[in-house]
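Chain by chain, the residues run as shown.
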Amino acid sequence: MAEAPKDEMPKAYEAGKVEQKWYKFWLDKGYFTPKIDPKKKPFVIIMPPPNVTGELHIGHALTATLEDIMIRWHRMMGEPTLWLPGVDHAGIATQVVVEQMLAREGVDRHKLGREKTQARIKQWAESRRQMIARQHQRLGASCDWGRERYTLDEGPSRAVRTAFVRLFEKGLIYRGERIINWCPRCATALSDLETDHKDIQGNLYYVRYPLEGSKEFITVATTRPETILGDTAVAVNPKDKRFKAMVGKKVILPAVKRVIPIIADEAVDPEFGTGAVKITPAHDPVDFEVAQRNHLPLVNILHPDVTMNENAGPYAGLDRFHCRQAILDDLEKEGLLVKIEPYGHSVGHCMRCQTIIEPIASQQWFINTKPLAEPAIEAVQTKRINIIPERFTKVYLNWMENIRDWCISRQLWWGHRIPVWYCQDCGEVTVAVDEPKACSKCGSSSIEQDPDVLDTWFSSALWTHSTLGWPDDTEDLGYFYPTTVMETGYDILFFWVARMIMMGLEDTGDIPFSTVYLHGLLRDEKGEKMSKVRGNVVDPLDTIAKYGTDALRFALTNDISPGNDIKLTPSRLEAGRNFANKLWNATRFVVRSIETGADVEVKQDTITLEDRWILSRLSGTTANVTRLMANFQFGEAQRQLHDFLWGEFCDWYIEFAKIRLGAGEGPSPLPVLVHVLESSLRLLHPFMPFVTEELWQSLRKRLPAGWQGHDSIMIAAYPEADKKAIDRKAERVMEAVIEIIHAIRNARAEHRVESNRWVEAQVCAGELTPAIKVYSPAIGTLAKARPVSFLESREDAPTENVLALVLGSSEVIIPMESMVDPVAEKKRLEQEIARSRAEVSRLEGRLEDKAFLTKAPPAVVAKERDKLAERKDRLGRLKQSLDRLG
Ligand SMILES: [Zn+2]
Ligand SMILES: [Zn+2]
């Protein structure tokens, strides 16, 4: 063996020392920036932009890892590959965070004013933006930083205004009074998707409304009695015979004494409450529709801060929940409260701050989504866009087919301001991409922009094309659009993916991407969703510091499948770190074995059976990995690479090679060692980029000139399977050899054979015997077996006092006395049996003790019973072992 070279690899892998060095190297070389080549089809991923609200969490690390795997793989396949990073201003989410910061300083945003508050948010968002970029770099994300975008950048902002104006001009954006979800804390409207529905144990209140000019009553049931103040009718189902005579009559609203009609409407469920329901059009979406059909007026009873307004009469100024109690007290006094029943129902909460939302009719901007949804449905039905996993296709279609108009205005300050100006003189509404100087109708310069901003998802919906330069006809847009894969969590399929498909098709006439890959959500060891509240979040940077980036990436993607949730456990992280160390040790061995100027060419005429085996397995693994990657089965691809590298190459091929190198005769295994290692590192590079680059560079330096290839593994070619290398015979023989060694090792461990003791092995392998026989010295060395002999047939084998191991394609017979010294073993077993008996009788005694049985909790008793059964079983097995010794 050669002398250790001066620049020998350190003994252990220290991820922290190499990761940042290689990232900087890649960045400096410009490898992340694609070259536009019109002859080649590019591979493009637009990164889901993280919110500028904070630091990256483990979910972002998963997104970055999966996308980087795809990007690095396609780049190595020679495709122009663009991964465009960016961040999202995240309207409400960011504003809430900064408001909370301001509150801690004792500052109220309304007192600070719009401009100053915006400046504070902007400053904070900018610092977060830089931090997010740095964190992505720590994760190894090979994205093109030169093309990084921010939703509030001038380009994407102009795209937002352009899209708005175009939709408005097509009549697809309108302003109207609708019921929206109002968060009183955030003081803004929210879309349906931004409200969490929680089941609440509330009450159902039965209230009597007196009929006008009569002593009769009609009783209605409600969960929100304060909304009585906003009622404009009582409704019954037209088919409900009980109320037939009442329809058309009038009732006097309790508390405020307004006179309202009793009407009939199909929407009323005769089974709910008494069958007669109150209609509060300004505060309930169903009632709003009833009111539209029946031309009922809207009476809004709430101020934006959800205190009661002037329409609430004597209750004006009260908070909504205080008002509820006050009304109940008054109804009680007047004898109008019939009964109260406990009632479980679902109540909307603000997703951001968890305040109970209030449905309120208000003037908002909406998108009429039906016409946009039609082509988006068709694109998925016709498979122009594929959703992985397939089961989400149905979820998508179902939502799109029942889509409701999208409320896009938000009463916030942080975001894209709605490009609409109102003339103070003639009332004209001007909708324009660029700020107008004067009213388009009367020329007055007294115009005011709509104070609201757009829902943050509006700009996100344009992200695939706004980042590439739309509405301008840029080179990037022409070349990189439509993009290839949209990879994101299944939890934002509707928020984001569906809207990108609608807006991509609307703005560009083409789909935004051809594949949607949805990953699962991360959970902790117990399967709980990770959240700050639960305190089970895993911080990616802490994890990287402890285990290394590659180990984190390995843990995140090992064994995952699309759409299924992932449990991130410390043992997975350890497995990742151990794998990196295993590769380090293997490479260190190979590198040390390469003599200066050594020939590393694999020559077909001098390779041995085990060489043919590992080359065949490399070819098979390469084919499988490539097929799995093409099918988005990254978890399984990584598992197969791991199993091949660890379980075949490191554990077996290298062990055989050590024997050959030690013997110093016959053809050297070095060319095959180098070839398999080098190819495997390239195969693994997309998954574990740092350790593979470090090892590949260490190996490369030791190779003869002319063999060194590219400057970096990340631009080297991804291996292709060599079909000619497949050798079933070699695989069968080596599998049998490995199985034999394995079985002898297991038998030794089971029987606690001392490590320096040789055991005898007789092998019966039928037609494989001649091929396996060649490996008897290796079997001997690796299983510590001597002598290893081969039997012509099973009949020749002794049957008394032997351990017979029946394997897949062979049988191994080990005489018992070669494993254990019968006298010493007998003594050991007898001692064990004595100890075991004592324990059994102690447990039996305990379980017969009445005091114990009555006092101890049942679970403790059951545990003791299980223990006894287990100990008895062990005693039985010990006795059997003793009997076998004779
Ligand atoms: Zn809120
Ligand atoms: Zn005007």
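In this report, we go over the structure that sits alongside the text. Keep in mind the model is a prediction, meaning the values are calculated, not measured.

Moving on, we come to the overall build of the protein chain. Along its length, the protein chain carries 28 helices and 29 strands. Relative to the globule expectation of 29 Å for 886 residues, the C-alpha radius of gyration of the protein chain, 37 Å, shows a markedly less compact shape. Dimensions of the protein chain, computed from the C-alpha atoms along their principal axes, are close to 110 × 85 × 55 Å. Here the contacts in the protein chain between residues at least 6 apart in sequence split such that 77% fall between residues at least 24 apart. Accessible surface computed for the protein chain: about 40200 Å², of which carbon and sulfur atoms make up 50%. If you average the places of the 117 positive and of the 124 negative side-chain charges in the protein chain, the two averages end up 3 Å apart.

The next subject is the pattern of salt bridges. With the rule as written, the count across this model stands at 53 salt bridges. Across the pair K170 and E506 runs a salt bridge, and its minimum N-O distance is 2.9 Å. Of this pair, K170 sits in the loop between α6 (154-169) and β5 (173-183) while E506 sits in helix α14 (residues 493-508), and the two are 336 residues apart along the sequence. Owing to a relative accessible area of 55%, K170 belongs among the exposed residues under this scheme. Judged by relative accessible area, E506 falls into the buried class, the value being 18%. Where K333 meets D330, a salt bridge forms, and the shortest distance between an N and an O atom there is 3.5 Å. Here D330 and K333 lie together in helix α8 (residues 320-333), a separation of three residues that amounts to about one turn. Connected through salt bridges with shared partners, the residues R224, D284, R320 and E358 form a single ionic network.

It is worth spelling out the coordination of the zinc ion (ligand 2) at this point. The protein atoms donating to the zinc ion (ligand 2) are C423 (SG), C426 (SG), C439 (SG) and C442 (SG), with metal-donor distances spanning 2.3 Å. One way to put it: the four donor atoms around the zinc ion (ligand 2) meet at angles of 106 to 113 degrees, and that makes the site tetrahedral. Counting along the primary sequence, the residues that act as donors to the zinc ion (ligand 2) give the motif C-x2-C-x12-C-x2-C. Taken together, the residues C423 in strand β18 (residues 420-423) and C439 in the loop between β19 (429-431) and β20 (447-449) connect sequence positions 16 residues apart.

For T195, the location among the structural elements is in strand β7 (residues 195-210). A residue is classified by how much of its surface remains accessible, and T195, at 8% relative accessible area, is buried. Here T195 is in contact with N181, L190, H349, M351 and I357, once residues within four sequence places are set aside.

Counting 158 residues, the largest nonpolar core has F649, I744 and I772 as its most contacted members. Of all the elements, helix α19 (residues 634-663) adds the most residues to this core, at twelve residues. Filtering out sequence-adjacent residues up to four positions away, I772 remains in contact with V733, A736, V737, I740, A765, I779 and F790. Among the nonpolar cores identified, the runner-up in size contains 61 residues, and F164, A373, F480 and I511 belong to it.

Looking at the zinc ion (ligand 1), the protein donor atoms are C183 (SG), C186 (SG), C350 (SG) and C353 (SG), and they sit 2.2 to 2.4 Å from it. One way to put it: the four donor atoms around the zinc ion (ligand 1) meet at angles of 104 to 115 degrees, and that makes the site tetrahedral. Coordination of the zinc ion (ligand 1) draws on donor residues from a single chain, spaced C-x2-C-x163-C-x2-C in sequence. Across the pair, C186 and C183 agree in class, each one buried.

What follows is about the pairing of strand β2 (residues 81-84). Of the two faces of β2, the one holding T81 and W83 and the one holding L82 and L84 are both buried throughout. Of the pairings in the sheet, the one linking strand β1 (residues 43-46) to β2 comprises four bridges and is parallel in character. Along β2, the bridge assignment pairs I46 with L84. Taking the sense of rotation as the criterion, the β-α-β connection linking β1, helix α2 (residues 58-76) and β2 turns out right-handed.

Let's shift gears to the packing of aromatic side chains. Following the criterion strictly, the structure yields 24 aromatic pairs and no others. With a centroid separation of 5.3 Å and an interplanar angle of 20 degrees, the aromatic rings of W26 and F690 are classed as stacked. With W26 in helix α1 (residues 15-29) and F690 in helix α21 (residues 689-702), this pair connects stretches of sequence that are 664 residues apart. Following the ring pairs from residue to residue traces out a cluster consisting of Y23, W26, F32 and F690. Looking at R72, its charged tip hangs above the ring of W26, at a distance of 4.4 Å from the centre.

On to the packing of helix α18 (residues 609-630) against α19, then. Between α18 and α19, the least distance of the axes is 10 Å, while the angle of their chain directions is 170 degrees. Looking at the two axes, α18 sits roughly antiparallel to α19. Note on element contacts: α19 touches α18 through F634, E636, A637, Q640, L641, F644, E648, F649, W652, Y653, F656 and R660, opposite E610, D611, W613, I614, R617, L618, T621, N624, V625, L628 and M629. Residue composition of the contact of α18 with α19, grouped by class: 14 nonpolar, three polar and six charged.

Of the strand pairs in this sheet, β7 and strand β8 (residues 217-222) are connected by six bridges, and their pairing is antiparallel. Bridge pairing links P210 to F217 in β8. Hairpin connection between β7 and β8: a loop of six residues separates the two successive antiparallel strands, and G213 in this loop has a positive phi of roughly 65 degrees.

So, about the sheet that holds strand β27 (residues 785-790). Spatially, β27-β26-β29-β28 is the arrangement adopted by the four strands of the open sheet, whose pairing is mixed. Strands with a single pairing partner mark the edges of an open sheet, and in this sheet they are β27 and β28 (802-806). Neighbour to neighbour, the strand axes of the sheet diverge by 20 degrees on average, direction disregarded. Relative to strand β29 (residues 811-815), β28 is paired through five bridges, and the arrangement is antiparallel. Among the inter-strand pairings, L803 is bridged to a residue of β29, identified as I814.

On to helix α9 (residues 370-381), then. For α9, spanning twelve residues, the distance from its first C-alpha to its last is 16 Å, which sits close to the expected 16 Å at 1.5 Å a residue. Every buried residue of α9 is accounted for by L372, A373, A376, I377, A379 and V380. All buried residues of α9 project into a common sector of 160 degrees when viewed along the axis, lining one side. Of the surrounding secondary structure, the elements contacted by the buried residues of α9 are α6, β14 (358-367), β15 (386-388), α10 (391-401) and α14. Looking at the residues trailing α9, positive phi occurs at K383, about 70 degrees.

Time to look at the sheet that holds β5. The four strands lie next to each other as β6-β5-β14-β16, forming an open sheet whose pairing is antiparallel. With one partner strand each, in any of the chains shown, β6 (188-190) and β16 (406-407) form the two edges of the open sheet. Here three bridges tie β5 to β6, and the two strands are oriented antiparallel to one another. If you follow N181 over to β6, its bridge partner there is L190.

The rules we used
Residues numbered from 1 in each chain as written. Chains lettered and ligands numbered in written order. Predicted model: local features only at pLDDT ≥ 70, side-chain atom pairs only at ≥ 80, totals over all residues. Heavy atoms only, no water. Helix = DSSP H or I, 4+ residues; strand = E, 2+ residues; numbered from the N terminus. Rg over C-alpha atoms; globule rule 2.2 N^0.38 Å. Contact = heavy atoms within 4.5 Å. Areas by Shrake-Rupley, 256 points an atom, 1.4 Å probe, with all protein chains shown as cover. Lys, Arg positive; Asp, Glu negative; His and termini not counted. Charge placed at Lys NZ, Arg CZ, Asp CG, Glu CD. Salt bridge = Lys/Arg side-chain N within 4 Å of Asp/Glu carboxyl O. Buried < 20%, exposed > 50% of the residue type's maximum accessible area, 1.4 Å probe, protein only. Donors = N, O, S within 2.8 Å, 3.2 Å for Na, K, Ca; no water. Tetrahedral: all angles 85-135°; square planar, octahedral: opposite > 155°, others 65-115°. Core = buried A, V, L, I, M, F, W, Y, C linked by side-chain atoms within 4.5 Å. Pairing = 2+ DSSP bridges. Right-handed = clockwise from strand over helix to strand, strands pointing away. Phe/Tyr/Trp six-rings, centres within 6.5 Å; stacked < 30°, edge-to-face > 60°. Lys NZ or Arg CZ within 6 Å of the ring centre and 35° of its normal. Axes fitted to C-alpha atoms, helices over the stretch in contact; angles between N-to-C directions. Parallel < 35°, antiparallel > 145°, perpendicular 65-115°, else oblique. Nonpolar A, V, L, I, M, F, W, Y, C, P; charged D, E, K, R; others polar. Expected span 1.5 Å × (residues − 1). Arc of directions from axis to C-beta.

So, to be careful, I would describe these as geometric facts and stop short of saying anything about function.
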